[in-house]
Amino acid sequence: MFHDRRVTASVAKALALSAALLLSMSGASSAQESADPIKLTLHDWTGQLITTQIMGEVLKKAGYSVEYVQADYLAQFAGLETGDLHVAMEMWETTGRDAMDASTATGKTEVFGPTGMQAKEEWWFPEYMKEKCPGLPNWEALKDEKCAEAFSTAETAPKGRYLGGPVTWGGFDDERVEALGLPFEVVHAGTDAALFAELESAYQRQAPILLWIYAPHWAPAKYKGEWVAFPEYTKECYSDPKWGSNPDAAYDCGKPHGEIWKVGWAGVKDKWPGAYKAIKAFSLNNDEMGQMITKVDLDGKKVDEVVTEWIGQNEPRWSEWIKK
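Small disclaimer: the values here were computed from a predicted structure and weren't measured. (Residues numbered from 1 in each chain as written. Predicted model: local features only at pLDDT ≥ 70, side-chain atom pairs only at ≥ 80, totals over all residues. Heavy atoms only, no water.)

### Some points on the state of the cysteines
No. 1: One pass over the structure, following the stated rule, counts two disulfides.
No. 2: Across a sulfur-sulfur distance of 1.9 Å, Cys133 and Cys147 are joined as a disulfide pair. Across the S-S bond of Cys133 and Cys147 the torsion is about -90 degrees, and the bridge reads as left-handed. Of this pair, Cys133 sits in the loop between strand S4 (109-126) and helix H5 (145-150) while Cys147 sits in helix H5; the two residues are 14 residues apart in sequence, bridging distant segments of the chain. Comparing Cys133 with Cys147, the two get one shared label, buried.
No. 3: Among the cysteines of the protein chain that take part in disulfides, numbered as they appear in the sequence, the pairing is 1-2, 3-4. (Disulfide = S-S within 2.5 Å. Helix = DSSP H or I, 4+ residues; strand = E, 2+ residues; numbered from the N terminus. Buried < 20%, exposed > 50% of the residue type's maximum accessible area, 1.4 Å probe, protein only.)

If you want it as structure tokens, here you go:
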């Protein structure tokens with residue numbers, strides 16, 4: 001009996017060790033993905049808040065911990081390179097390409113692919129301003145002093161006034177004015193909301209306004225107007241002063257246009273491989289983004305409401321993004 005007890009104890013010990021080993025292996029498998037929060041950056045325009053929160057909420061559905069962190073559009077790359085920030089859902093070809101290229105060249109960040117949305121950002125004027133500046137949309141019409149004065153305000157007269165986006169957006173508007181010799185003063189809106197509130201006010205009064213408009217957005221659909229036709233952008237325009245009409249200055253052309261990119265810390269793919277695949281799979285188009293921005297900016301819905309609605313209506317789509 002004593003011998004039998006020893007054998008039984010030995011078998012029990014072996015079984016316990018086997019169970020522990022299996023548990024350990026199972027734990028190793030589940031530990032492939034970190035439980036640390038994935039930090040997604042938030043910026044200061046409605047579309048980006050929507051894009052980011054859709055991605056964040058989908059990642060939560062897949063079991064990830066997510067944090068939203070307010071960050072400067074261009075300065076965020078310092079945090080992405082160190083891994084203190086992880087994912088930026090919108091880097092626009094129009095304004096973010098230089099910062100993105102400089103960062104990815106370090107090897108510490110990478111582009112996670114296109115969002116599916118196509119970006120355009122440029123100077124825009126209401127259709128009614130063509131009567132006062134008939135050469136539009138050709139940019140050279142803006143060089144005419146009478147045309148510039150038609151766009152002036154009490155603060156800028158006789159110079160025209162161009163309302164740019166918040167300074168953090170970049171865009172080289174001040175440099176463009178100087179390089180092209182335009183008799184205009186650049187005034188930067190404090191926020192995205194202030195930019196479009198001023199457009200709404202001017203449009204209702206048929207008052208002069210020339211400002212930064214971007215797409216995807218509701219404004220180009222709601223208001224009749226056109227983008228100024230500047231010389232077509234090339235990389236040389238921004239990097240080589242000899243290119244273009246002014247041999248002594250860069251930025252003598254329009255803004256680039258193209259993809260809106262997802263970008264982030266290069267460590268995401270190793271720390272959260274499933275989330276990495278989901279972020280790469282994320283895709284929206286201009287039309288659906290424009291509709292969601294309209295719901296927030298014009299219909300008064302909260303970003304959270306619009307995101308929840310999209311999640312509810314598109315489960316077959318986003319569930320594919322997080323499929324293991």
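There's more to say after this.
### Section: the nonpolar core
No. 1: Ranked by internal contacts, the top residues of the largest apolar core, which has 88 residues, are Ile54, Met55, Leu59, Leu142 and Phe151.
No. 2: With six residues, the single largest contributor to this core is S4.
No. 3: Discounting chain neighbours no more than four positions away, the residues touching Ile54 are Phe282, Leu284, Met292, Val307, Trp310, Ile311 and Trp321.
No. 4: In this structure, Tyr238, Ala250, Tyr251 and Cys253 belong to the second largest nonpolar core, which totals five residues. (Core = buried A, V, L, I, M, F, W, Y, C linked by side-chain atoms within 4.5 Å. Contact = heavy atoms within 4.5 Å.)

### A word on the pairing of strand S2 (residues 66-70)
No. 1: Judged from the five bridges that link them, strand S1 (residues 38-42) and S2 form a sheet pairing that is parallel. Paired with Ile38 across the strands is Val66, a residue of S2.
No. 2: A crossover connection joins S1 to the parallel S2 through helix H2 (residues 46-61); in handedness this β-α-β unit is right-handed. (Pairing = 2+ DSSP bridges. Right-handed = clockwise from strand over helix to strand, strands pointing away.)

### Some thoughts on the packing of aromatic side chains
No. 1: Under the definition given, this model contains 23 aromatic pairs.
No. 2: Judged by centre distance (5.9 Å) and plane angle (75 degrees), the ring pair of Trp45 and Trp169 falls under edge-to-face. In this pair, Trp45 is assigned in the loop between S1 and H2 and Trp169 in the loop between strand S5 (160-164) and helix H6 (173-180), connecting sequence segments 124 residues apart. In terms of burial, Trp45 and Trp169 fall into one category: buried.
No. 3: Ring pairing ties together the aromatic residues Trp45, Tyr73, Trp92, Tyr128, Trp169, Phe196, Tyr203, Trp212, Tyr214, Trp218 and Tyr223, which thus form one cluster.
No. 4: Of note, Lys255 hangs over the ring of Trp212, and the distance from its end group to the ring centre comes to 3.5 Å. (Phe/Tyr/Trp six-rings, centres within 6.5 Å; stacked < 30°, edge-to-face > 60°. Lys NZ or Arg CZ within 6 Å of the ring centre and 35° of its normal.)

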